[in-house]
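Here's the letter readout for the chains.
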Amino acid sequence: MKIEFYRHNLAKEDKDEVIKVLNSLFLTTGDCVAEFEKKLAKYVGSKYAVGLTSCTNALELAVKYFGIGHEDEVITTPMSFIATANAIEYAGAKPVFVDVESNTGNIDASLIEQAITKKTKAIIVVHLYGQMCDMKRIRKIADKYKLKVIEDAAHCLEGERDGIKVGQLGDIACYSFYATKNLTSGEGGAISCNDKKIYEWMLRARQHGMSKNAATRYSKKYEHYDMEFLGNKCNMSNIQAALMVKQLDRIEGYLDMREKLARKYDKGFLKNKNIKTPAVISGGKHARHLYTIWVDRDKRDEYMHLLQDAGIGVAVNFRPIHLMKYYREKYGYKKGSFPISEKIGDSTITLPFYIKLSDKEVKYVIDTVNTITNG
Ligand SMILES: Cc1ncc(COP(=O)(O)O)c(C=O)c1O
C-alpha cells in the first residue's frame with residue numbers, strides 16, 4: 001500500500017472560484033482577497049484579517065509592526081518550524097528560547113518570566129500541532145512586563161482554549177495556507193487583529209509600504225501612490241483567495257472528520273507501550289493539524305525508515321530550532337540547552353493525517369506502526 005504523507009481536499013467549487021478569477025481582469029490583490037479576508041476575520045472572531053503570501057511573511061511583518069530591531073529580544077519556543085525564529089532574526093533582534101511543556105510541546109508559560117530581560121519586547125507563541133498555548137496566562141505575563149504577543153497560528157486556525165479563540169488575546173495572529181495546512185492555497189498566509197491601526201499598516205506593509213494598491217490605482221481615475229515606509233512584497237493574490245473562499249465554509253466539517261480520525265489513531269495506539277501521544281487539554285478545541293507520535297528517541301529514525309519502506313509517508317515536526325546550524329553557530333546553543341524540546345525533536349514521528357484516508361488505510365497505518373514499534 002502507498003499512503004502519501006498528505007493529500008489535499010480541494011472541491012469542484014474551489015476550482016470553479018479560481019476559474020472565475022482566471023477569466024476576470026484582476027489576478028492580483030482585489031475583490032476576492034477582500035472577500036476572503038472578511039470571511040477569515042469572521043471565522044476567527046477578530047475584527048480584521050489581511051491576506052499575505054505566507055505565514056513567514058505574516059510573522060515578519062508582525063515583528064516589524066512593533067518596531068522590534070537590533071538590541072531587542074523576543075521570547076519564543078524552539079519546538080516549531082524555523083520560520084518562527086527566523087521572523088525575529090529578519091528584524092535583527094535576538095530570539096530567546098524557552099523550553100516547552102513535556103506533555104503538549106507548547107511553550108511552558110511557567111518558564112517565560114525568568115527569560116524576560118530589559119531588552120524583551122515580545123513573545124511569539126506557537127500553537128503546536130493545532131492545540132492552543134495557555135494564552136490567558138501568557139497574556140497576563142505580557143501585560144505585567146508590557147510585552148506584545150504574536151501568535152504563530154500556522155497549525156491552529158480553528159483552535160480554542162478556555163473560551164478564547166486564536167487571535168483574541170494576542171496582538172497579532174499569523175496563519176499559514178501552505179500546501180498541507182487545514183486551509184490551503186498551496187502557499188499563502190494572513191494575519192488577524194482587532195486594532196484598526198495594525199490592519200491599515202498591514203495593508204500597506206504587504207505592498208512595499210505603498211499608499212495605494214493596484215486595485216485602488218486602476219479602478220478609478222489614476223491616482224499617484226506614495227511610499228510611506230519600507231514594507232515587504234507579500235500581498236495575497238485573487239487566485240489564492242479564490243481557492244480558499246469556499247474552503248472556509250467547509251472547515252468545521254473537516255475538523256470534525258479529523259477529530260474522528262485522531263480518535264481512531266488514539267484507540268489504535270492505546271495499548272502500545274512504546275508510543276506516547278501529545279496530551280490534549282480538556283475543554284478546548286484542538287485544530288487537529290498534525291498527528292504525531294512520540295517513540296524511543298534512539299529508534300525513531302529506524303522506525304521512520306521502516307514506515308517509509310512500508311509505503312507510509314512520514315515527517316518530523318519538529319527538530320528544535322536552537323540546534324539548527326545557524327542558531328548553534330550564532331548563539332552557541334548546544335545539546336542540552338532545551339532538553340524537553342530536544343527529547344520531542346528526537347522522538348517524534350508525524351503520521352499521515354487527512355480526511356481522504358480510507359478506513360483501510362488508517363488500519364494499515366495503525367497496524368504497521370504497532371508492528372514496527374513492538375518489533
Ligand atoms: C509552526 C509554523 N510556523 C510557521 C510556518 C511557516 O508557514 P509558511 O510556510 O506559510 O511561511 C509553518 C509552516 O509550516 C509552521 O509549521
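Given the structure is predicted, the values throughout are model-derived calculations rather than measurements.

## Section: the nonpolar core
And then number 1: The biggest cluster of nonpolar side chains holds 84 residues, and the ones touching the most others in it are Ala58, Leu59, Ala62, Ile123, Cys174, Tyr175 and Ile191.
And then number 2: Residues from two domains meet in this core; each of domain 1 (12-248) and domain 2 (251-374) gives at least three.
And then number 3: Leucine 59 has contacts with Ala83, Thr84, Ala87, Ile124, Ile150, Asp152 and Cys174, leaving out every residue within four places of it along the chain.
And then number 4: Core analysis: the next-biggest nonpolar cluster, separate from the first, contains 16 residues, Tyr265, Tyr291, Ile312 and Leu351 among them.

## Re the domain arrangement of the chain
And then number 1: Entries for the chain in the domain assignment read domain 1 (12-248) and domain 2 (251-374).
And then number 2: Each of domain 1 and domain 2 has a C-alpha centre, and these two points are 25 Å apart.
And then number 3: Elements with a minimum of two residues in the side of domain 1 that touches domain 2: β6 (160-161) and α9 (247-269).
And then number 4: Its residues assigned to classes, the side of domain 1 that touches domain 2 shows 13 nonpolar, 11 polar and 4 charged.

## So, the sheet that holds strand β1 (residues 48-52)
And then number 1: Ordered in space as β1-β9-β8-β5-β4-β2-β3, the 7 strands form an open sheet in which the pairing is mixed. Among the strands making up the open sheet, the edge pair consists of β1 and β3 (94-97). With direction set aside, neighbouring strand axes in the sheet form an average angle of 25°.
And then number 2: Judged from the 4 bridges that link them, strand β2 (residues 73-76) and β3 form a sheet pairing that is parallel. The residue of β3 that forms the bridge with threonine 76 is phenylalanine 97.
And then number 3: Lying over the sheet, helix α4 (residues 83-90) contacts β2, β3, β4 (120-126) and β5 (148-152), oriented at roughly 175° with respect to β2.
And then number 4: Helix α6 (residues 196-205) contacts β1, β8 (172-176) and β9 (189-193) of the sheet and is inclined by roughly 15° relative to β1.

## Observations concerning the packing of helix α3 (residues 55-65) against α4
And then number 1: In the contact formed by α3 and α4, the axes pass within 8 Å of each other and the chain directions differ by 40°. In terms of axis orientation, α3 runs oblique to α4. The handedness of the crossing between α3 and α4 comes out as right-handed. Contacts between α3 and α4 involve Cys55, Thr56, Leu59, Glu60 and Val63 from the former and Ala83, Thr84, Asn86, Ala87, Ile88 and Tyr90 from the latter.
And then number 2: Its residues assigned to classes, the contact of α3 with α4 comprises 7 nonpolar, 3 polar and 1 charged.

## Quick look at the environment of alanine 115
And then number 1: Tracing the chain through its elements places alanine 115 in the loop between β3 and β4.
And then number 2: With 15 C-beta atoms packed within 10 Å, alanine 115 lands in the partly exposed category.
And then number 3: As a C-alpha pair, alanine 115 and leucine 290 span 175 residues in sequence and 29 Å in three-dimensional space.
And then number 4: If near-sequence neighbours (up to four positions away) are discounted, alanine 115 is found in contact with Ile75, Val96 and Val98.

About the thresholds
- Residues numbered from 1 in each chain as written.
- Predicted model: local features only at pLDDT ≥ 70, side-chain atom pairs only at ≥ 80, totals over all residues.
- Core = buried A, V, L, I, M, F, W, Y, C linked by C-beta atoms within 7 Å.
- Buried ≥ 20, exposed ≤ 12 C-beta atoms within 10 Å, placed from the backbone.
- Domains from an automatic or database assignment.
- Contact = placed C-beta atoms within 7 Å.
- Helix = DSSP H or I, 4+ residues; strand = E, 2+ residues; numbered from the N terminus.
- Nonpolar A, V, L, I, M, F, W, Y, C, P; charged D, E, K, R; others polar.
- Pairing = 2+ DSSP bridges.
- Axes fitted to C-alpha atoms, helices over the stretch in contact; angles between N-to-C directions.
- Parallel < 35°, antiparallel > 145°, perpendicular 65-115°, else oblique.
- Left-handed = near helix turned anticlockwise from the far one by under 90°.

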